[in-house]
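Report on the structure
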Amino acid sequence: MKILITGGAGFVGSHMVNRFCNQGHDVTIFDSLGHTSCMNRLQADVQLHTGRLQDYSDIFSLNKDFDLVINSAAETHVDESFERPTDFIDTNVLGLHNLSKFCTKNNIPLLHLSTDEVIGNGEPLYEDSMTLPTNPYSATKACGESILHAYGYCYGLDWKVVRLNNTYGTMQFPDKLIPYFITRLHDGEKLTIHGSGEQVRYFLNVDDFVDAVEVVIESGENKNIYNVSTDESYNVLDITKMICDGMGKDFNDCVTYVEDRLFQDPIYLSNSDKLRSIGWKPKRFLKETMSELIVWYTSNRDFFK
């Protein structure tokens, strides 16, 4: 199968690229090579097209003979979305519009990565729930889902959406919680806890997510959304203590409390029964994986340089 993966040099995208390349698929990546992208993540030689989704000409300069397009390109950092929301709209909304138009014109199915943050007020999230985003980032992802629905309805686009929990694994850029805290602790710096640290998140191993993508490609229904979620939840204090214990540090000596983030969402309650009914379930768990993550991040401090 010939697959185009946008954002293929990113964290989640690269894990998909590596999996599909190892399976013998012909993979092309399209990536802007921004500051969180890293070609070191890729384990195989792939064809690279450098460009931006929001630039229409960059997308339409690509070959037209792909069997599948997977969109993992996105602006994802919630805090940054408050400071520069236009960038998030450009990439996550205009960029997806351009990609949808490319796929529609060339009759290529599109699998899009979304987020459980499309509901941020603590209500349960099902595939048919009304989206209620609470920050500019999640608003752009909710808008992206609506764009796909419209393109499928009006233009016949074949699309599927997978919504992720907080995803973790090796090769994640160290601006996310787990790699950020591991690297700071390794460097002898304090770990900053926002607010009380009691906000809860569900954690999804990136390899479990790639498993889910494979199941949705194989067995998922066209024009459908699939929540990819686990039952493994922790608050920020739990994660911090887990990292401190794994690195032989005393929690009380290593943390400092700071003002809470703006509009902090309390929890994301994503239900994945629909996905589990077609054959997926999580196989990897954070408590069992944390030691591996600590070894990787402390041994690869120059990886992103």
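Residues numbered from 1 in each chain as written. Predicted model: local features only at pLDDT ≥ 70, side-chain atom pairs only at ≥ 80, totals over all residues. Heavy atoms only, no water.

Describing the overall build of the chain
Cut-off, in case you're wondering: Secondary structure is summarised from DSSP: a helix means a run of H or I of at least four residues, a strand means a run of E of at least two, and numbering begins at the N terminus for each. Using C-alpha atoms as the atom set, the radius of gyration is obtained and then compared with a globule rule of 2.2 Å times the number of residues to the power 0.38. Partly exposed residues are those whose accessible area sits between 20% and 50% of the maximum for their type, while under 20% is buried and over 50% is exposed, using a 1.4 Å probe and protein chains only. Whether two residues are in contact is decided by their heavy atoms: any pair within 4.5 Å suffices. Areas reported here follow the Shrake-Rupley algorithm with a probe of radius 1.4 Å; residue values treat only the protein chains shown as occluding. Charge assignment: positive for Lys and Arg, negative for Asp and Glu; neither His nor the chain ends contribute. Charged side chains are reduced to one point each, which is NZ for Lys, CZ for Arg, CG for Asp and CD for Glu.
Per the secondary structure count, the chain includes 11 helices and 14 strands. The C-alpha radius of gyration of the chain comes to 19 Å, within 12% of the 19 Å expected for a compact globule of 305 residues. Expressed along its principal axes, the backbone C-alpha trace of the chain runs to roughly 60 × 40 × 40 Å. Out of the 305 residues belonging to the chain, those deemed buried represent 52%. The contacts of the chain with a sequence gap of at least 6 include a subset with a gap of at least 24, amounting to 78%. Carbon and sulfur atoms make up 47% of the accessible area of the chain, which totals about 13,500 Å². A distance of 3 Å separates the average location of the 27 positive side-chain charges in the chain from that of its 43 negative side-chain charges.

Focus on the sheet that holds strand β10 (residues 200-205)
Keep this limit in mind: A pair of strands is treated as paired once DSSP finds two or more bridges between them. Structural elements are reduced to axes, namely lines fitted to C-alpha atoms, with helices fitted over the stretch in contact, and the angle between N-to-C directions of any two is expressed from 0 to 180 degrees.
Reading across the sheet, the three strands line up as β8-β10-β12 and stay open at both edges, with mixed pairing between neighbours. The sheet is open, and its two borders are formed by β8 (166-168) and β12 (233-235), each paired with just one other strand. For this sheet, the mean angle separating the axes of adjacent strands, direction not counted, is 45 degrees. Relative to β12, β10 runs antiparallel, the two being bridged by three bridges. Among the inter-strand pairings, V200 is bridged to a residue of β12, identified as N235. Lying on the sheet, helix α11 (residues 286-299) is in contact with β8, β10 and β12; it crosses β8 at an angle near 45 degrees.

Details of the packing of aromatic side chains
Inclusion rule: Aromatic pairs are defined between Phe, Tyr and Trp rings, using the six-membered ring for Trp, whenever the two ring centres lie within 6.5 Å; interplanar angles under 30 degrees are classed as stacked, those over 60 as edge-to-face, and all others as tilted. Here, a charge over a ring is recorded when the distance from Lys NZ or Arg CZ to the ring centre is within 6 Å and its angle to the ring normal is within 35 degrees.
Taken as a whole and assessed by the stated rule, the structure comprises 10 aromatic pairs. Ring centres of Y180 and F181 lie 6.0 Å apart, and the angle between their planes is 35 degrees; this geometry places the pair in the tilted category. Among the residues examined, Y180 registers a relative accessible area of 29% and is labelled partly exposed. Among the aromatic residues, those joined into a ring-pair cluster are F173, W296, Y297, F303 and F304. Lying across the ring of F251, K241 places its NZ or CZ 5.3 Å from the centre. The lysine or arginine in question, K274, covers the ring of Y226, its NZ or CZ lying 4.7 Å from the ring centre.

Topic: the environment of G24
Residue position: G24 is located in the loop between α1 (11-22) and β2 (26-31). G24 sits 23 residues away from M1 along the chain, and the two C-alpha atoms are 8.3 Å apart.

Notes on a nonpolar patch on the surface
Spelled out, the test is: Like charges are joined within 9 Å and nonpolar side chains (Val, Leu, Ile, Met, Phe, Trp, Tyr) within 5 Å, but only among residues with over 30% relative accessible area and no salt bridge; these make up the patches. Salt bridge, as used here, is a side-chain nitrogen of Lys or Arg placed within 4 Å of a carboxyl oxygen of Asp or Glu.
On the surface, L33, M39 and L48 cluster together to form a nonpolar patch covering roughly 220 Å² of accessible area. Mapped onto the secondary structure, M39 falls in the loop between β2 and β3 (47-50).

Considering helix α8 (residues 236-246)
Residues of α8 that are buried include every one of V236, L237, I239, T240, M242, I243 and C244, and no others. Directly after α8, the chain includes G248, whose backbone phi takes a positive value near 65 degrees.

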